[in-house]
Amino acid sequence: MNKSVAIFALAAVTTTPVLAAEQPVTINLHNKEIASILNLPEGVENPPVVLMMHGFTGSKNEFSIGGTEIGLYTFMADKLAQAGIASLRIDFTGSGESSGSWEDTRFSGQIADAVHAFDYLQTLPSVDGSRIGILGYSQGGLVGSHLAAVRPEANAVVLWAPVTNPVATYSTIMGVDKVAEGLATDADQSITADLSWGGQTTLKGGFFHELPLMSAAGAIASYPGPLRVIVGSKETIVAPQPIMGQQMLNYHKGAEDLVVLDSDHDFGAGASVDLAERELAPKTVEWFEANL
């Protein structure tokens, strides 16, 4: 399989109150700079590694847990490190600290970012590039399923509340009329939409044009490795559940399971760390421990 050659630059090591072995990493490819954080577990030589992909309007640390300043992905990276598993969490182009404009965001661009990050991990001497897992949340789950199709050598995949029907999900998030407007407009024309959880976002028509073209279930059908899908029974964004999660398993062929938690789309983490501590993190870690 031919892969693009990339140049990678590691920035200075930083520390946080939560994670003692984090490094900010910039992945440079052509005119892109993908900001990331590499977490290496202490005392583990050549550990397996998980690539973590954030959701819609999110960033590499994900939203803060229960009013703290600790992001859900920061928390998850720590749990992986405690199990001896490294992780790389990235900002998609146009999000967080990566280069580019959010308005230019498209699914195809995020998939390309994920492929570049995966290929980077395959060359990174501080991890075992032959043992790579994929973790994606929400839109990052849709991206993760497409990454698994393009890089079927991934050893294990965990998808949290993955977007399986983009037209339906983004009609819920931005409104049916706004999605229809986006589908009808030019690819480079900007559209501002209200978000179901508050606030607004501005995206170009090209984002909307890709909505009917993306299929997480169709993509995961090309991935033969172990797949775990974790969803919340009280979902209102990627809904209805657990049907949407089961759809992934119906198309995937290989070791798999569906975990249904008593939660909403954010697994209750917006209010409390409790469910993430008791179920979300352990169910995620055990899948990677068993398969990486």
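Fair warning: this is a prediction, and the values are worked out from it, not measured in the lab. (Residues numbered from 1 in each chain as written. Predicted model: local features only at pLDDT ≥ 70, side-chain atom pairs only at ≥ 80, totals over all residues. Heavy atoms only, no water.)

**Structural notes on the overall build of the protein chain**
Argument step 1. Within the protein chain one finds nine helices and eleven strands.
Argument step 2. Taking 2.2 N^0.38 as the reference for a compact globule, 292 residues should give roughly 19 Å; the C-alpha atoms of the protein chain span a radius of gyration of 18 Å, in line with that estimate.
Argument step 3. By principal-axis analysis of the C-alpha atoms, the protein chain measures approximately 55 × 40 × 40 Å.
Argument step 4. The buried share among the 292 residues of the protein chain stands at 53%. (Helix = DSSP H or I, 4+ residues; strand = E, 2+ residues; numbered from the N terminus. Rg over C-alpha atoms; globule rule 2.2 N^0.38 Å. Buried < 20%, exposed > 50% of the residue type's maximum accessible area, 1.4 Å probe, protein only.)

**A look at the nonpolar core**
Argument step 1. F56, L88, Y170, M174 and F207 are the most contacted members of the largest nonpolar core, which has 58 residues in total.
Argument step 2. Here this core gets eight residues from one element, more than from any other, and that element is helix 2 (residues 107-123).
Argument step 3. Not counting chain neighbours up to four residues away, the residues in contact with L88 comprise I27, S36, I37, L38, V49, V50, L51, M52, A117, Y120 and L121.
Argument step 4. A77, I85, A281 and F288 belong to the second-largest nonpolar core, a separate cluster that totals 29 residues. (Core = buried A, V, L, I, M, F, W, Y, C linked by side-chain atoms within 4.5 Å. Contact = heavy atoms within 4.5 Å.)

**Regarding the environment of S87**
Argument step 1. Within the secondary structure, S87 sits in strand 5 (residues 86-90).
Argument step 2. Taking the C-alpha atoms as reference points, S87 and E22, 65 residues apart in sequence, are found 9.5 Å from one another.
Argument step 3. For S87, the residues in contact, after removing those within four places along its chain, are I37, L38, N39, V49, V50, M52, A77 and L80.

**With respect to helix 3 (residues 139-150)**
Argument step 1. Its twelve residues place the ends of helix 3 17 Å apart at the C-alpha level, agreeing with the 16 Å of an ideal helix rising 1.5 Å per residue.
Argument step 2. Burial within helix 3 is extensive, with ten of its twelve residues counted as buried.
Argument step 3. Restricting attention to buried positions, one finds in helix 3 the residues Q139, G140, G141, L142, V143, G144, S145, H146, L147 and A148. (Expected span 1.5 Å × (residues − 1).)

**Looking at the packing of aromatic side chains**
Argument step 1. According to the stated counting rule, one finds 13 aromatic pairs in the structure shown.
Argument step 2. Pairing Y137 with W160 gives two aromatic rings, centres 6.1 Å apart and planes at 65 degrees, and the pair type is edge-to-face. You can see Y137 sitting in strand 6 (residues 132-137) and its partner W160 sitting in strand 7 (residues 156-160), a full 23 residues away along the chain. Of the two residues examined, Y137 and W160, each falls in the buried class.
Argument step 3. When the centroid spacing of 6.1 Å and the interplanar angle of 70 degrees are considered together, the rings of W160 and F267 count as edge-to-face. In this pair, W160 is assigned in strand 7 and F267 in the loop between strand 11 (256-261) and helix 9 (274-291), connecting sequence segments 107 residues apart.
Argument step 4. The class for W160 is buried, based on a relative accessible area of 0%.
Argument step 5. Its relative accessible area of 0% is what places F267 among the buried residues.
Argument step 6. Of the aromatic side chains, those joined through ring pairs into one cluster are F56, W102, F107, Y170, W197, F207 and F208. (Phe/Tyr/Trp six-rings, centres within 6.5 Å; stacked < 30°, edge-to-face > 60°.)

**Quick look at the confidence of the model for the protein chain**
Argument step 1. The share of residues in the protein chain with pLDDT of 70 or more is 93%, and the mean pLDDT across the chain is 92.
Argument step 2. pLDDT under 50 marks residues 1-20. Its contacts with residues more than four places away, or in other chains, come to 40 contacts. (pLDDT = per-residue confidence, 0-100.)

**Digging into the packing of helix 1 (residues 72-82) against helix 9**
Argument step 1. The N-to-C vectors of helix 1 and helix 9 enclose an angle of 55 degrees; their axes lie 10 Å apart at closest approach. Taken together, the axes of helix 1 and helix 9 are oblique relative to one another. Once helix 1 is placed against helix 9, the crossing between them reads as right-handed. Residue-level inspection shows L72, F75, M76, K79 and L80 of helix 1 in contact with helix 9, the latter providing A276, E277, A281, T284, V285 and F288.
Argument step 2. Grouping the constituent residues of the contact of helix 1 with helix 9 by class yields eight nonpolar, one polar and two charged. (Axes fitted to C-alpha atoms, helices over the stretch in contact; angles between N-to-C directions. Parallel < 35°, antiparallel > 145°, perpendicular 65-115°, else oblique. Left-handed = near helix turned anticlockwise from the far one by under 90°. Nonpolar A, V, L, I, M, F, W, Y, C, P; charged D, E, K, R; others polar.)

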